[in-house]
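# Understanding the architecture of this molecule
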Amino acid sequence: MDAVTDRPIRGQGTSERDWNAWPGLRQLRAATPGQLVPYGARAVVVAPHPDDEVLSVGGLLAQLARGGTPICVIAVTDGTASHRGSADWPADRLVRERPQESRNALRCLGIHVEPMRLGMPDGGLQELRCLLADRLLPMLDRSDVIFTTWRQDGHPDHEATGHACAFAAARAGARLVEVPVWAWHWAAPGDGRLPWHRASRVGLDADALDRKRQAVQCFKSQLEPDASTGAGPILRSTTVERADRPFEVMFT
């Protein structure tokens, strides 16, 4: 089934209280930053939209940056379709604001590299998966560990980016790590559609968690209601609450 019918992103989604009450979350296999990105490797984060790099692995990135691990961030789109029909947030404003929000957020994490921007169409990646894979391939090395959104995350751009990264990583001989972002929204605790057997839980120390909290708050365009359309924030309260977890989950 497709993402629209099988993994809908509606309302506030599954509450963090429900996720925290599920014992399976605490029983996931533990992994350390050094196990995920060993010495000599580079962490490459491929984000479908500005903010996905922080929501997915912001805490991990803060810990890797503190340890001196090389980090590359690849921004697939500039997030210009987040506020359709908005007079307050037209595309020509978003194309300026959202990349700047991402830069500010990365600085909060202790990362001072400029993301590599591909400028691909927000909301249009499903039909461009092969092109995206071709564009990613020259940027990758065999020693890289690629972090991106899960191939069944429920958002079409997230899924397309995951598929493109899987293809490019296989061709480059790099390691792929997929991270659920919107899956926490539509899935229920213990949901059999998620590959829990591949899941690892990375603990975040106090400094990394505080940096991630600050980084999430940099995405003002996604956190405030849209007065021109009456729409609520793009990032639901449940999404912000999940970003406050003292751990991150990824599929290896």
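Everything below is about the structure printed above this text.
Residues numbered from 1 in each chain as written. Predicted model: local features only at pLDDT ≥ 70, side-chain atom pairs only at ≥ 80, totals over all residues. Heavy atoms only, no water.

### Focus: the side chain of His-158
When you line up the elements, His-158 lands in helix 8 (residues 156–172). Among residues more than four places away in sequence, those in contact with His-158 are Pro-48, His-49, Asp-52, Thr-149, Trp-150, Asp-153, Val-181 and Trp-182. (Helix = DSSP H or I, 4+ residues; strand = E, 2+ residues; numbered from the N terminus. Contact = heavy atoms within 4.5 Å.)

### Structural notes on the pattern of salt bridges
In the structure shown here, the tally under the stated rule is 18 salt bridges. With its nearest N and O atoms 2.7 Å apart, the salt bridge here joins Lys-212 to Glu-248. One end of the pair, Lys-212, is in helix 10 (residues 206–216); the other, Glu-248, is in strand 8 (residues 247–251), and 36 residues separate them in sequence. Within this structure, Asp-6, Arg-7, Glu-159, Asp-191 and Arg-193 form a network of salt bridges that share partners. (Salt bridge = Lys/Arg side-chain N within 4 Å of Asp/Glu carboxyl O.)

### Digging into empty space enclosed by the protein
One pass over the structure, following the stated rule, counts 2 cavities of 30 Å³ or more. Quantified by volume, the largest cavity comes out at close to 170 Å³. Leu-55, Pro-180, Trp-184, Lys-212 and Arg-242 are the residues nearest the centre of the largest cavity, which is lined by 14 residues in total. Looking at the lining of the largest cavity, the elements that each hand over two or more residues are helix 5 (52–66), helix 12 (237–242) and strand 8. With 3 residues, strand 8 is the largest single contributor of residues to the lining of the largest cavity. Its residues assigned to classes, the lining of the largest cavity shows 8 nonpolar, 2 polar and 4 charged. The computed volume of the second largest cavity comes to approximately 40 Å³. If you go around the second largest cavity, the residues you meet are Val-45, Val-46, Ala-47, Pro-48, Asp-52, Glu-53, Ser-56, Val-57, Phe-147, Thr-148, Thr-149 and Val-179. Secondary structure elements with two or more residues in the lining of the second largest cavity: strand 2 (42–47), helix 5 and strand 5 (144–149). If you tally residues by element for the lining of the second largest cavity, the top one is helix 5, at 4 residues. Here the lining of the second largest cavity is composed, by residue class, of 7 nonpolar, 3 polar and 2 charged. (1 Å grid on protein atoms, 1.4 Å probe; cavity = no way out; pocket = protein on both sides within 12 Å on 5 of 7 lines; lining within 4 Å. Points joined across faces, edges and corners; volume = space filled by probe spheres on them. Nonpolar A, V, L, I, M, F, W, Y, C, P; charged D, E, K, R; others polar.)

### Structural notes on the packing of helix 7 (residues 129–136) against helix 8
Their axes nearest at 8 Å, the elements helix 7 and helix 8 cross at an angle of 45 degrees. The angle between helix 7 and helix 8 places the two elements in the oblique class. In the packing of helix 7 onto helix 8, the handedness of the crossing is right-handed. Side by side, helix 7 and helix 8 meet where Arg-129, Leu-132, Ala-133, Asp-134 and Leu-136 of the first sit next to Ala-160, Thr-161, His-163, Ala-164, Cys-165, Phe-167, Ala-168 and Arg-171 of the second. Looking at the contact of helix 7 with helix 8, its residues break down into 8 nonpolar, 2 polar and 3 charged. (Axes fitted to C-alpha atoms, helices over the stretch in contact; angles between N-to-C directions. Parallel < 35°, antiparallel > 145°, perpendicular 65-115°, else oblique. Left-handed = near helix turned anticlockwise from the far one by under 90°.)

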